[in-house]
Each structure stands twice: as structure tokens, then as C-alpha cells.
Amino acid sequence: MRNFFRRKSSCQVAKDRLKILLISDRVNCSPEIMELIKNDIAKVISRYMKIDAENMEIQINTKGSKAGKATKTSLCANIPIVDVSKPDIHKDTQNVY
Amino acid sequence: MENTFSGEQKRSEVIVVTSGKGGVGKTTTSANVGTGLAKQGKKVCLIDTDIGLRNLDVVMGLENRIVYNLVDVVEGNCRVKQALIRDKRHPGLYLMPSAQTRDKSAVNPAQMIKVIDHLREQFDYIILDCPAGIEQGFQNAIAGADRALVVTTPEVSAIRDADRIIGLLEANGFNQMDLIINRLRMDMVRRGDMMSAQDVMDILAIPLIGIVPDDENVVVATNQGEPLVGSDSPAGQAYANVVQRVLGKEIPFLNFEKGISFWTRVSGIFHKI
């Protein structure tokens, strides 16, 4: 009762912590591999637009539906774009499709 | 048409009780499930695979009767039968103790499989009490098992380790893993200070086979060296239900909330004061 209004229950804290903890445990992805993935993504994206590769971030997240076990794990990349229009390359990609 | 041999093989089931983390109740669970199955008229062999830190013998109250142990069997110092201690209180219940003065490397998975295959001919159920950790002791314990009981408590550390264990069991080809949630305290769950059984199930996502409430009778039973399965205590009832489910029967889960709600309310009042 006391902490009902004040803050999250310790049960909720435990669940939230476990969710994040188990993702990194389950993925079994070393920081080096994550770095390689990041570099590869940066390489691909920079073919189409100018990005700030220094400040990009990648993370593995899960979106859990509260009802059941259908938790989806996803890779989230946050890539700052410096310049969207790289006209010459843009043309090439349009030709592809 | 089944031939006698495959029928015989199918009849016995080898169950490993594991958890990853220590102190969550693997040995207590092994002792109670094994004793419970024996009470149901099954021939049961309990094997303590925790070499160097054996405890199943004391939980079972059979520590004074050890002559030979698992390592003696593996090394050929005795026959398998000589290392089996018969529990006089329950017909059909046997214990193969572990060695106390050796370490995990005294046995390898191939040797475990050989011992288990020998025991399969004589027993309906073989219960392996797995040591904590994921090293060789764990590899030895799971090598010969058909299915696993994963024991956890509703705590972050135990759940994390259980998740790791489930991953390792899957990688080792296990397809039957069942979860036992031990030491659940309904009063704390109601206060929001402990994860509920449902919360734990959602995280670990394997079938639930038992919820065992935190019960001081477990300590008393361990003091006395007599597993409490089937006794008139919350944990005794919970373990009796686990045994029925291991046997393949569908038993509804005990609702501990009912019995505890009044007490919780009273304690809630004291909390406010």
C-alpha cells in the first residue's frame, strides 16, 4: 500500500530488468559482433544517403504483448542522417526497381 | 507390434532435476518427486550427480547407509547393485549416492549414460539430481536424461539462470522440459513484491508442472530426513501434485491465494501501522 502511489512495485522492476537481461543473454552476441553488424549496416545505408556513422546506435529489443508469450525480438538501429539527397546514387536505386 | 525390448525401454523414464543456480531446491525437489513416485507404486532410483557436494543422501535421511557411490560404480570398484541404497520406508525406492571426496571430473557423460542404461532395465523412473552450474557436472547429469524438470524461484537471479539452462537443454536436444516454481510467497505476490507464477511462466515460456509455496515444513522435513511429499502441508500437497503431473495426469494447480488471503489482510493492516 505504501509504495502503491509512490513507485513501481518491486515485482514490476524485476520483470523489466529480466526482460532486458534475458535478451542480451539469449542473443549471445558479443560486443565485437554487434560492432561488425553496426559497420555493415552503416556501409549499406551510406550507399543511399549520407549518414553520421560515428553517432549511430544499434540495440536488440523485445516488444512483448502483455497477454502471452508472443514476444518479438527486434534489432533497432538509430542512424542520424546528414543528407538525404545523394542524387547520383538515388537515380541508380530507382532504376533497380 | 511392439517388441518386448522397446516396450521395456519406453517404460522407464529418466528425469534430470536442474536449475543452474544453487539453493533453489533441486535436491528437495528430487527427493520429493522420487519419494512421491515410489509412494505411487513406481520403482524409482534417485541418483545424486553432485560429486564432491552430495546432499541428496541427507535430505533422504540415508546418509548412514552409504557404502559405495556413483564414482565407485563408474570406476568398477563395485557392481551397480551394490551402490544402490534401498529406502526401507518406501518399497521400490533406491538411492545411488554421489562421492564426497572426489570432483566432477571423476565421471564423464559416456559413463553416466552407461550406468543409466543399466538402471533403465530395473526402474520405472530414474531421477537425477543435477549440481548447480553449467560445467561438467551439469553435462554429466543431462547426458542420459529423457526429460528435465527445471526448478526456479521467483527471483531475478534464479530466473536468469533457469533461462540459460533451458537454452542449454534445448541445444542438447531436450524437447520435454517442465518448470517448477519453488518458494512462491503469495503474500508477497499480492503486495507486488514478488513475481507471480504467471510472470515467471511468461518469461521462461516452458510448460509449468508445479508451483511449490514457501513452506517452513520443508526445513522441518529436511531436518528429519524424510521428504514431505503427500503430507498435509502446502509444499507436501504441491509436490504430490507435481508427482501426479509427472505421471501424466492433469491436476489443477493449487490456489494458494485462497488459504492466505485472510492472513495477508491482517498483515496488511500491521504494515500500515
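Computed from a predicted structure; not experimentally measured.

Q: Help me understand the overall build of chain A in this model?
A: Helix and strand counts for chain A stand at three helices and four strands. Walking chain A from its N terminus toward its C terminus, one meets helices and strands in the order α-α-β-β-β-β-α. Burial statistics for chain A: of 97 residues in total, 13% are counted as buried. Long-range pairs, those at least 24 residues apart, make up 48% of the contacts in chain A with a sequence separation of at least 6. For chain A, the exposed surface amounts to about 7800 Å²; the carbon and sulfur share of it is 55%.

Q: What is the right way to look at the packing of aromatic side chains in this model?
A: To describe a pair of aromatic rings, you give the distance between the ring centres and the angle between the ring planes. Residues and elements named next belong to chain B. Applying the stated criterion across every chain yields a total of one aromatic pair over all chains. On the numbers, 5.5 Å between centres and 70 degrees between planes, the contact of Tyr94 with Phe123 is edge-to-face. Of this pair, Tyr94 sits in strand E4 (residues 93-96) while Phe123 is found in the loop between helix H6 (109-120) and strand E5 (125-129), placing the two residues 29 residues apart along the sequence. Positioned above the aromatic ring of Phe123, the side-chain terminus of Lys43 is 5.1 Å from the ring centre. Its end group placed over the ring of Phe253, Arg245 keeps NZ or CZ at 3.9 Å from the ring centre.

Q: Would you mind going over the nonpolar core with me for this structure?
A: Buried together is how nonpolar side chains tend to be arranged in soluble globular proteins. Residue and element names in this part refer to chain B. Counting residues in each nonpolar core, the largest one holds 60 residues, and the members touching the most others are Val16, Ile47, Met96, Leu119, Leu169, Leu179 and Met195. The biggest single contributor to this core is helix H8 (residues 156-171), with seven residues. Among the nonpolar cores identified, the runner-up in size contains 35 residues, and Val17, Leu62, Val242 and Val243 belong to it.

Q: Can you walk me through the sheet that holds E4(B) in this structure?
A: Think of a sheet as strands paired side by side through backbone hydrogen bonds, with each pair either parallel or antiparallel. All names here are of chain B. Here we have eight strands laid out as an open sheet, ordered E3-E4-E2-E5-E1-E6-E7-E8, and mixed in their pairing. A strand with exactly one partner marks an edge of an open sheet, and here the two such strands are strand E3 (85-86) and strand E8 (208-213). Here strand E6 (residues 147-152) runs beside strand E7 (residues 177-184); their pairing, made up of five bridges, is parallel. In the strand pairing of E7, Thr152 is matched with Ile181. In the packing of H6 onto the sheet, the strands contacted are strand E1 (13-18), strand E2 (44-48), E4 and E5, and the crossing angle to E5 comes to about 150 degrees.

Q: Help me understand unusual backbone geometry in this model?
A: In most cases, non-glycine residues show a negative phi, while peptide bonds are predominantly trans. All names here are of chain B. Look at Arg183: it is not a glycine, yet its phi comes out positive at around 60 degrees. Position of Arg183 among the secondary structure elements: in strand E7. By relative accessible area, Arg183 is classed as partly exposed at 33%. You will see that Ala205, though not glycine, has its phi angle at about 55 degrees, which is positive. The residue Ala205 is located in the loop between helix H10 (197-204) and E8 in this model. Given a relative accessible area of 44%, Ala205 falls into the partly exposed group.

Q: In this structure, what is going on with helix H2 (residues 26-39) of chain B? I would like to understand it.
A: An α-helical turn contains 3.6 residues, so a residue and the one three or four places further along point in the same direction. Over its 14 residues, H2(B) extends 20 Å from the first C-alpha to the last, a length consistent with the 20 Å expected when each residue adds 1.5 Å. Among the 14 residues of H2(B), 13 are classified as buried, and the element is accordingly described as predominantly covered.

Q: Is there a simple way to think about the side chain of B:Thr152 in this case?
A: Tracing the backbone shows B:Thr152 in strand E6. Within the structure, B:Thr152 has its side chain in polar contact with the backbone oxygen of B:Ala158 (distance 3.3 Å).

What counts, and at which threshold
- Residues numbered from 1 in each chain as written.
- Chains lettered and ligands numbered in written order.
- Predicted model: local features only at pLDDT ≥ 70, side-chain atom pairs only at ≥ 80, totals over all residues.
- Heavy atoms only, no water.
- Helix = DSSP H or I, 4+ residues; strand = E, 2+ residues; numbered from the N terminus.
- Buried < 20%, exposed > 50% of the residue type's maximum accessible area, 1.4 Å probe, protein only.
- Contact = heavy atoms within 4.5 Å.
- Areas by Shrake-Rupley, 256 points an atom, 1.4 Å probe, with all protein chains shown as cover.
- Phe/Tyr/Trp six-rings, centres within 6.5 Å; stacked < 30°, edge-to-face > 60°.
- Lys NZ or Arg CZ within 6 Å of the ring centre and 35° of its normal.
- Core = buried A, V, L, I, M, F, W, Y, C linked by side-chain atoms within 4.5 Å.
- Pairing = 2+ DSSP bridges.
- Axes fitted to C-alpha atoms, helices over the stretch in contact; angles between N-to-C directions.
- Expected span 1.5 Å × (residues − 1).
- Polar contact = N/O pair within 3.5 Å; in protein donor to acceptor, adjacent residues only side chain to side chain.

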